[in-house]
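# Chains, contacts and geometry: an overview
Given next are the chains, with one letter for each unit.
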Amino acid sequence: MNRFHYIGYTLAHRKAFRKVEKELFGRVSIRGYLHDLDKVFLYLIVGKKKGSKLHRKYSRHHEKKARTRKDFEQMVVDWECVRFTKADKPLNAYDTLYRYYPHLESVIIPILQEVHLI
């Protein structure tokens, strides 16, 4: 697939992210509006593989950079919405937590409870 396909995929994901964030938290945050926007530019400049790697390395809604409650809330929204736009990633937030990030249970479970995902 070419870079433009992945950019379209990312734009659809960004739209779903905003929708899910509003449903879960009652509003779209500034971070919600900016979610994954860097990927659009990175894909154009360095391609999909390197762009994805850089994005995950520096984005606060990914495990390596997440520190604050807001970071983890954004992570939950990302996990919950990805299934709506990415056929290859069908898990919801709860299932993603236990499949890939069980070590984050103590931080993520209270958020999932708060937004009624469990």
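Described in the following lines is the structure provided in the data block. Note that the structure is a prediction, hence the values are computed from the model and not measured. (Residues numbered from 1 in each chain as written. Predicted model: local features only at pLDDT ≥ 70, side-chain atom pairs only at ≥ 80, totals over all residues. Heavy atoms only, no water.)

## Quick notes on the nonpolar core
Rules: The term nonpolar core refers to a set of buried residues drawn from Ala, Val, Leu, Ile, Met, Phe, Trp, Tyr and Cys, joined through side-chain atoms within 4.5 Å. For each residue, the accessible area found with a 1.4 Å probe, counting protein chains only, is set against the maximum for its type, and the residue is called buried under 20%, exposed over 50%, and partly exposed in between. Secondary structure elements are defined from DSSP: runs of H or I of at least 4 residues count as helices, runs of E of at least 2 residues count as strands, and each element is numbered from the N terminus. Residue contacts are defined here by distance: any two heavy atoms, one from each residue, within 4.5 Å place the two residues in contact.
Core analysis: the largest hydrophobic core is formed by 13 residues, its most contacted members being Phe 72, Met 75, Trp 79, Leu 97, Leu 104, Ile 108 and Leu 112. At the level of elements, helix H5 (69-85), helix H6 (93-100) and helix H7 (105-114) are the ones that each hand at least two residues to this core. For Ile 108, the residues in contact, after removing those within four places along its chain, are Phe 72, Met 75, Val 76, Trp 79 and Leu 97. Grouped together as the second largest cluster of nonpolar side chains are seven residues, Val 20, Val 77, Cys 81 and Val 115 included.

## Looking at the pattern of salt bridges
Threshold: Salt bridges are counted wherever a side-chain nitrogen of Lys or Arg sits within 4 Å of a carboxyl oxygen of Asp or Glu.
Enumeration over the complete set of coordinates arrives at eight salt bridges. The partner of Glu 23 in a salt bridge is Lys 19, and the shortest N-O contact between them spans 4.0 Å. Residue Glu 23 and its partner Lys 19 are located together in helix H1 (residues 3-25), separated by four residues, close to a single helical turn. Lys 19 carries the same exposure label as Glu 23, and that label is exposed.

## So, the packing of H5 against H6
Helix-helix packing: each pair is described by the crossing angle between the helix axes and the interaxial distance. Put simply, the rule reads: Angular values range over 0 to 180 degrees, each being the angle between N-to-C directions of two axes fitted as lines to C-alpha atoms, with helices fitted over their stretch in contact. For this classification, under 35 degrees means roughly parallel, over 145 means roughly antiparallel, 65 to 115 means roughly perpendicular, and everything else is oblique. Residues are grouped as follows: nonpolar covers Ala, Val, Leu, Ile, Met, Phe, Trp, Tyr, Cys and Pro; charged covers Asp, Glu, Lys and Arg; every other residue, Gly included, is treated as polar.
Two numbers describe how H5 lies on H6: the axes approach to 8 Å, and their chain directions differ by 105°. Here H5 is positioned roughly perpendicular relative to H6, judged by the angle of their axes. Only Ala 93, Thr 96 and Leu 97 of H6 make contact with H5, whose side of the interface consists of Val 76, Trp 79 and Glu 80. Here the residues of the contact of H5 with H6 sort into four nonpolar, one polar and one charged.

## Some words on unusual backbone geometry
Of note, Asp 36 is a non-glycine position whose phi angle comes to about 60°, a positive value. Position of Asp 36 among the secondary structure elements: in the loop between helix H2 (30-34) and helix H3 (37-46). The residue His 116 is not glycine, and still its phi comes out positive at about 60°.

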